[in-house]
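Observations on chain architecture
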Amino acid sequence: MALQESLAKFKKQQEKCQTTLTSIAAKAGSSKPTVPQKFTPAVPTKPTPVVKFSNDTERLQHINSIRKAPVGAQIKRVIDLLLETRQAFTPEQINDACYVDTNANKAVFDSLRNNPKVSYDGKRFSYKSKHDLKDKSQLLVLVRKFPEGIAVIDLKDSYPSVMEDLQALKAAGQVWLLSNFDSQEDIAYPNDPRVPIKVDDDLKLYFREIELPRDMLDIEKDLQRNGMKPATNTALRRASAENHVYGSKPKPKKKKQEISKRTKLTNAHLPELFQSIKDADSLK
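Each chain carries its own residue numbering, running from 1 in the written order of its sequence. In keeping with the predicted nature of the model, local features appear solely for residues at pLDDT of at least 70, side-chain atom pairs appear and are counted solely at 80 or more, and the whole-chain, interface and lining totals rest on all residues. Hydrogens and water are ignored here; the side-chain numbers use all heavy atoms of the structure.

**Side note on the overall build of the protein**
When helices and strands are tallied, the protein shows 11 helices and five strands. Looking at the protein as a whole, 19% of its 284 residues qualify as buried. It only takes one pair of heavy atoms within 4.5 Å for two residues to be counted as in contact. Summarising the internal contacts of the protein: among those between residues at least 6 apart in sequence, 47% fall at separations of at least 24. Helical segments are the DSSP runs of H or I of at least four residues, strand segments are the runs of E of at least two, and each set is numbered from the N terminus. Relative accessibility under 20% of the residue-type maximum defines a buried residue, over 50% an exposed one, and the middle range a partly exposed one, all with a 1.4 Å probe and only protein chains included.

Here it is in structure tokens:
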């Protein structure tokens, strides 16, 4: 009996499994075939740009250092700009050209406006030279107004090519450029074409044979004897030079203190220091 019951249970289990497999197959057959998906390659994404510091960092640091500089340094920077370009600049143009912000710095603006080398018309700044000259013809007219001579240093900033024009006038014989004995600066003298002077060769030779004194003091005395005022004062210059060299007295040397019996001895372990005391005692 037990064996038959077991066989009956086994058959039922097989039938159940068969039914299950049949239902699974039926479901699989009724479902649509899956379409294989196409592979699409991944599109590479753009890399995120690396955050960098501004390329103008050095320029901004340079601008900041200029604007924090002393007032005098900023004014010199502006005057150099005006001198080199010989153009008129508004405060905004000055800021763009040399980074000096005159609108934001009242001290710089006021000092620049009152500077003797700067001209301000209410809107623009421009360079102001001592003599308002534009070309060589105006330069020659000015030199002829100073028969006693005009310092070249006062003409240097008149216009950019003024030194070349001076040399051209000198080469043409229209002006003389002579050096001042004291300052070694050139002086421009007019050579008046209305007074042509021709000197005989004998007079030139006689003039060159005259031996001048070696000492400038003697030359100045000879000029004074002939009613002329010397342009130099050698005696005064030498006196001031001597005062500059010998004016300060040397400091007196302190007398070296000798060791005596009353001196408090604290280095008794160094007997060679007190040899002078022993020698003095032996002489007594």
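**A closer look at the environment of Ser137**
Turning to its location among the elements, Ser137 is positioned in helix H6 (residues 136-144). Residue classification places Ser137 among the partly exposed positions, given a relative accessible area of 47%. When the C-alpha positions of Ser137 and Leu169 are compared, they lie 9.6 Å apart, and in sequence the two are 32 residues distant.

**Brief notes about the environment of Ile66**
Within the secondary structure layout, Ile66 lies in helix H2 (residues 57-67). Sequence separation of Ile66 and Asp101 is 35 residues, and the distance between their C-alpha atoms is 9.4 Å. In this view, Ile66 contacts Gln74, Arg77, Cys98, Tyr99 and Val100; residues no more than four positions away in its chain are not counted.

**Some thoughts on the packing of aromatic side chains**
Pairing of aromatic rings covers Phe, Tyr and the six-membered ring of Trp, with a centre-to-centre limit of 6.5 Å; geometry is then stacked below 30 degrees between planes, edge-to-face above 60, and tilted otherwise. Under the counting rule described, the total for this entry stands at three aromatic pairs. Centroid distance Phe109 to Tyr120: 5.6 Å. Interplanar angle 85°. Geometry classified as edge-to-face. Here Tyr120 lies in strand S1 (residues 118-120) and Phe109 lies in helix H5 (residues 106-113), a separation of 11 residues in the sequence. A relative accessible area of 16% means that Phe109 is categorised as buried. Exposure remark for Tyr120: the relative accessible area of 25% places this residue in the partly exposed category. Plain terms: the ring middles of Phe109 and Phe125 are 5.6 Å apart, the flat faces sit at 85° to each other, and that makes the pair edge-to-face. Placement of Phe109 in helix H5 and of Phe125 in strand S2 (residues 125-127) is noted, with a sequence separation of 16 residues between them. Through pairs of rings, three or more aromatic residues link up here, namely Phe109, Tyr120 and Phe125.

**Looking at helix H3 (residues 71-85)**
Every helix has an expected span of 1.5 Å times one less than the residues it contains. Look at H3: 22 Å from first C-alpha to last across 15 residues, which is about the 21 Å you get at 1.5 Å a residue. Residues Gln74, Ile75, Val78, Ile79, Leu81 and Leu82 constitute the buried set of H3. Each buried residue of H3 sits inside an arc of 155° when the element is viewed along its axis, so together they form one side. Away from its buried face, by an angle of more than 90 degrees, H3 presents the exposed residues Lys76 and Glu84. Check the buried side of H3 and you find it contacts H2, helix H4 (91-98), H5, S1 and S2. After H3 finishes, the residue Arg86 shows a positive phi value of roughly 55°. Working note: the arc is built from the helix axis to C-beta atom directions.

**Side note on the pattern of salt bridges**
A side chain with one charge may pair with a side chain of the opposite charge, provided their charged atoms come close. By salt bridge we mean one thing: a side-chain nitrogen of Lys or Arg within 4 Å of a carboxyl oxygen of Asp or Glu. Taken as a whole and judged by the stated rule, the model has eight salt bridges. Asp110 serves as the salt-bridge partner of Arg113, at 3.3 Å between the closest nitrogen and oxygen. With Arg113 and Asp110 both in helix H5, this residue pair falls three residues apart, about one helical turn. Look at Arg113 and you get partly exposed, because its relative accessible area is 38%. Here the salt bridges do not stand alone but share partners, grouping Lys106, Asp110 and Arg113 into one network.

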